[in-house]
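What follows is the residue order along each chain.
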Amino acid sequence: MSNYTGLAEKFGTPTYVYDLDVVAESRDQLFGLLPEGFQLYYALKANPHPEIARELRAGGCRAEISSTGELANALAAGFDPGEILYTGPGKTDGELEHAIAAGVRLFSVESLSDLQHVGAAAEKHGVTASCLLRVNTTQGNASSGIRMMGRPSQFGIDAETLPSLMPALKAVPGTRVVGAHFFTMSNAKDEDSLLGEYEFVLQSAAQLRQEVGLPLEFLDIGGGFSSPYAVPGPRTDYPKLRAGLEVLLDLYLPEWRDGGMELACESGRYLSGTSGSLLAGVVNVKESRGQRFVILDAGINTLGGLSGLGRLLPAAVGIEGEGLQVGSLVGPLCTPGDALAKAAKLPELAAGDIVTVPNVGAYGVTASLISFLGRPAPTEVVVRGGDVVSVSRLDYQRAYEVSP
């Protein structure tokens, strides 16, 4: 059973527990896998909890955001707004003006018009925004993981259009193109595939600089680091990554060793995923036509509500303490879609028991159908060294702009 059972008894279920010691271990491990001098951005979409973000900032991470809500969380965690990277394909004029007013100066842009919107907002505030061109490459080398580029997409500027677009991109008032942003894949478990993808990125960046004049003061080569989600297991290790990346950088961008450019990677799930556990209570156990159903007080409103995207929830959630009983783990919602695992190997469970879903520090509460059917959000408990740091719960309520 989980070491956090006492917290469930104290604060009830469903409850998320985030261990800041594990956050720090993940952060330090990933920094150790990268060449010296790499910047590491934490994608707040994985988990915007201020305590997690603050722990990552304390160890040298910067923040990557894509909304004013994430900006508020990043600032609450103490990130320097001048070092925050603002990304995303749907930046509105209002959001851009808000971010620039707050001190954000670095943006990843997806098109010429996106860059023009950034420039217009920057000019209103009398500043110049530094911008990375997100490049939609035509192909990649990875054989595993989730492909993010190489097809028609709202993300990135198609690489083949850069020769004709570059003069206009460099001339947008209020902006200065300082580099490129690549994000070609996600959740790569195979180290050779990850290195192959990075080789393609570095080769592409060097080629675009030479052929079309792409500036490379700053190069974000993306992420792709794998970590288990809602199943037992450790973070993926990449023992050859650091040396392999150094070799590739020496080959394609040798000036990196002289500080000729700033290099960065980004991660969400690797930095926060293994820090979180979901404690759920067993509400009932029933049999239906020869099948056992274990009904929990946590369902897709609490975990994995984005499973419909086909990239977050695994085929079966795995709880700690596998047993010999076969049954389905389901949630409390009034929809047959509220199923966390089917034909799972479970211990003997009864109403009142507590189960633990591990490795849900990323894509948990805020990646779920939190307001579906009006159930309260789960409690979130942050611990360090066995001590409780904070206890909170997201609150959602209707705010009327015009009274009825």
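## Some remarks on the overall build of the protein
Next, step 1: Scanning the protein for helices and strands turns up ten helices and 19 strands.
Next, step 2: Relative to the globule expectation of 22 Å for 404 residues, the C-alpha radius of gyration of the protein, 22 Å, shows essentially globular dimensions.
Next, step 3: The principal-axis extents of the C-alpha atoms in the protein amount to approximately 65 × 55 × 40 Å.
Next, step 4: Taking all 404 residues of the protein together, the buried fraction comes to 54%.
Next, step 5: Look at the contacts in the protein between residues 6 or more apart in sequence, and 71% of them connect residues 24 or more apart.
Next, step 6: Carbon together with sulfur atoms contributes 50% to the accessible area of the protein, which is approximately 17100 Å² in total.
Next, step 7: Considering the protein, the positive charge centre built from 31 side chains and the negative charge centre built from 46 side chains are found 4 Å apart.

## Details of the packing of helix α5 (residues 93–101) against helix α6 (residues 112–124)
For any two helices packed against each other, one specifies the inter-axial angle together with the distance between the axes.
Next, step 1: Interhelical geometry of α5 versus α6 gives an angle of 45 degrees and a closest axis separation of 9 Å. What the angle tells us is that α5 and α6 run oblique. For the element pair α5 and α6, the recorded crossing hand is right-handed. Residues Asp 93, Leu 96, Glu 97 and Ile 100 of α5 pack against His 117, Val 118, Ala 121, Ala 122 and Lys 124 of α6.
Next, step 2: Tallied by class, the residues present in the contact of α5 with α6 amount to five nonpolar, one polar and three charged.

## Describing the nonpolar core
Nonpolar side chains tend toward joint burial in soluble globular proteins.
Next, step 1: Formed by 104 residues in total, the largest nonpolar core has its most connected members in Phe 107, Leu 219, Phe 225 and Leu 241.
Next, step 2: Of all the elements, helix α8 (residues 191–212) adds the most residues to this core, at nine residues.
Next, step 3: If we skip the residues at most four places from it in the chain, Phe 225 touches Leu 30, Leu 34, Asn 187, Leu 194, Tyr 198, Tyr 238, Leu 241, Cys 265, Glu 266, Ser 267, Arg 269 and Tyr 270.
Next, step 4: Leu 7, Ala 8, Leu 279 and Ile 354 belong to the second largest nonpolar core, which has eight residues in total.

## Some details on the pairing of strand β2 (residues 39–43)
Along any regular strand the residues' side chains alternate between the sheet's two faces.
Next, step 1: Counting buried residues in β2 gives five out of five residues, a clear majority hidden from the surface.
Next, step 2: Of the two faces of β2, the one lined by Gln 39, Tyr 41 and Ala 43 and the one lined by Leu 40 and Tyr 42 are each fully buried.
Next, step 3: Where β2 meets strand β12 (residues 262–267), four bridges bridge the pair, whose relative direction is parallel. In the sheet register, Gln 39 faces β12, and the bridge partner there is Ala 264.
Next, step 4: Crossover β2 to strand β3 (residues 62–65) through helix α3 (residues 50–58) is right-handed.

## Considerations on the pattern of salt bridges
Next, step 1: Counting across every chain of the model gives 15 salt bridges.
Next, step 2: One salt bridge connects Lys 91 with Asp 114, and the closest N-O pair in it is separated by 2.7 Å. With Lys 91 in the loop between β4 (85–86) and α5 and Asp 114 in helix α6, the pair connects residues that are 23 residues apart, well separated along the chain.
Next, step 3: A residue is classified by how much of its surface remains accessible, and Asp 114, at 5% relative accessible area, is buried.
Next, step 4: Each of Arg 27, Asp 28, Glu 55 and Arg 384 takes part in a single network of salt bridges with overlapping partners.

## Quick look at the packing of aromatic side chains
Next, step 1: In this structure the tally under the stated criterion is six aromatic pairs.
Next, step 2: Taking the centre distance of 6.4 Å and the plane angle of 40 degrees together, the rings of Tyr 238 and Tyr 270 count as tilted. Taken together, the residues Tyr 238 in the loop between β11 (218–220) and α9 (241–252) and Tyr 270 in helix α10 (residues 269–272) connect sequence positions 32 residues apart.
Next, step 3: Taking relative accessible area as the criterion, Tyr 238 reaches 0% and is therefore assigned buried.
Next, step 4: Relative accessible area serves as the criterion here: at 0%, Tyr 270 is assigned to the buried category.
Next, step 5: Of the aromatic side chains, those joined through ring pairs into one cluster are Phe 225, Tyr 238 and Tyr 270.

## Quick look at unusual backbone geometry
Next, step 1: Residue Thr 13 is joined to Pro 14 through a cis peptide bond whose omega torsion reads -5 degrees.
Next, step 2: Considering the arrangement of structural elements, one finds Pro 14 in the loop between α1 (5–11) and β1 (15–19).
Next, step 3: Residues other than glycine seldom take positive phi values, yet Asn 359 does so here, at roughly 60 degrees.
Next, step 4: Looking at where Asn 359 falls in the secondary structure, it is placed in the loop between β17 (354–358) and β18 (379–384).

## Remarks on α6
Next, step 1: End to end, α6 covers 19 Å across 13 residues, agreeing with the expected 18 Å (1.5 Å per residue, within 8%).
Next, step 2: When we look at burial in α6, the residues that qualify are Asp 114, Leu 115, Val 118, Gly 119, Ala 121 and Ala 122. The buried residues of α6 all sit within an arc of 165 degrees when viewed along its axis, so they share a single face.
Next, step 3: Buried-residue contacts for α6 involve α5, β5 (106–109), β6 (129–136), α7 (162–170) and β9 (175–181).
Next, step 4: Backbone geometry just after α6 places Gly 126 at a positive phi near 70 degrees.

What counts and what doesn't
- Counting restarts for each chain: residues are numbered from 1 in the order of the written sequence.
- Where local features are concerned, this predicted model is filtered to residues with pLDDT of at least 70; where side-chain atom pairs are given and counted, the filter is 80 or more; whole-chain, interface and lining totals use all residues.
- Excluding hydrogens and water, the side-chain values take into account all heavy atoms of the structure.
- Helix and strand definitions here come from DSSP, where helices need a minimum of 4 consecutive H or I residues and strands a minimum of 2 consecutive E residues; each element is numbered from the N-terminal end.
- To get the radius of gyration, use the C-alpha atoms; to get the globule rule, take the number of residues to the power 0.38 and multiply by 2.2 Å.
- Any residue under 20% of the maximum accessible area for its type is buried, any over 50% is exposed, and the rest in between are partly exposed; the area is computed with a 1.4 Å probe on protein chains only.
- We call two residues in contact when some of their heavy atoms are within 4.5 Å.
- Only the protein chains shown count as cover for residues, with accessible areas throughout obtained via the Shrake-Rupley method and a probe of 1.4 Å.
- By the counting scheme adopted, Arg and Lys are positive, Glu and Asp are negative, and His together with the chain ends is not counted.
- Charge positions come from single atoms, namely NZ of Lys, CZ of Arg, CG of Asp or CD of Glu.
- Helix axes use the C-alpha atoms of the stretch in contact, all axes being lines fitted to C-alpha atoms, and the angles between their N-to-C directions lie in the range 0 to 180 degrees.
- Every angle not falling under 35 degrees, over 145, or within 65 to 115 is termed oblique; those three ranges are roughly parallel, roughly antiparallel and roughly perpendicular.
- Handedness of a crossing is defined here by the sense of rotation of the near helix relative to the far one, left-handed for an anticlockwise turn of less than a right angle and right-handed for a clockwise turn.
- The nonpolar class holds Ala, Val, Leu, Ile, Met, Phe, Trp, Tyr, Cys and Pro. Asp, Glu, Lys and Arg form the charged class, and all remaining residues, Gly among them, are polar.
- Residue types Ala, Val, Leu, Ile, Met, Phe, Trp, Tyr and Cys, when buried and joined through side-chain atoms within 4.5 Å, form a set referred to as a nonpolar core.
- Whether two strands pair depends on DSSP finding at least two bridges between them.
- Place the viewer so that the strands point away; then a crossover is right-handed whenever the path from the first strand over the helix to the second strand goes clockwise.
- Think of a salt bridge as a Lys or Arg side-chain nitrogen and an Asp or Glu carboxyl oxygen that are within 4 Å of each other.
- Centres within 6.5 Å are what make two rings of Phe, Tyr or Trp a pair, Trp counting through its six-membered ring; a difference in plane orientation under 30 degrees is then read as stacked, over 60 as edge-to-face, and the rest as tilted.
- Under the convention used throughout, the expected extent of a helix is 1.5 Å for every residue step, that is, one less than its residue count.
- The arc in question is traced by the directions running from the helix axis to the C-beta atoms.

Purely geometric stuff here, so don't read any function into it on its own.
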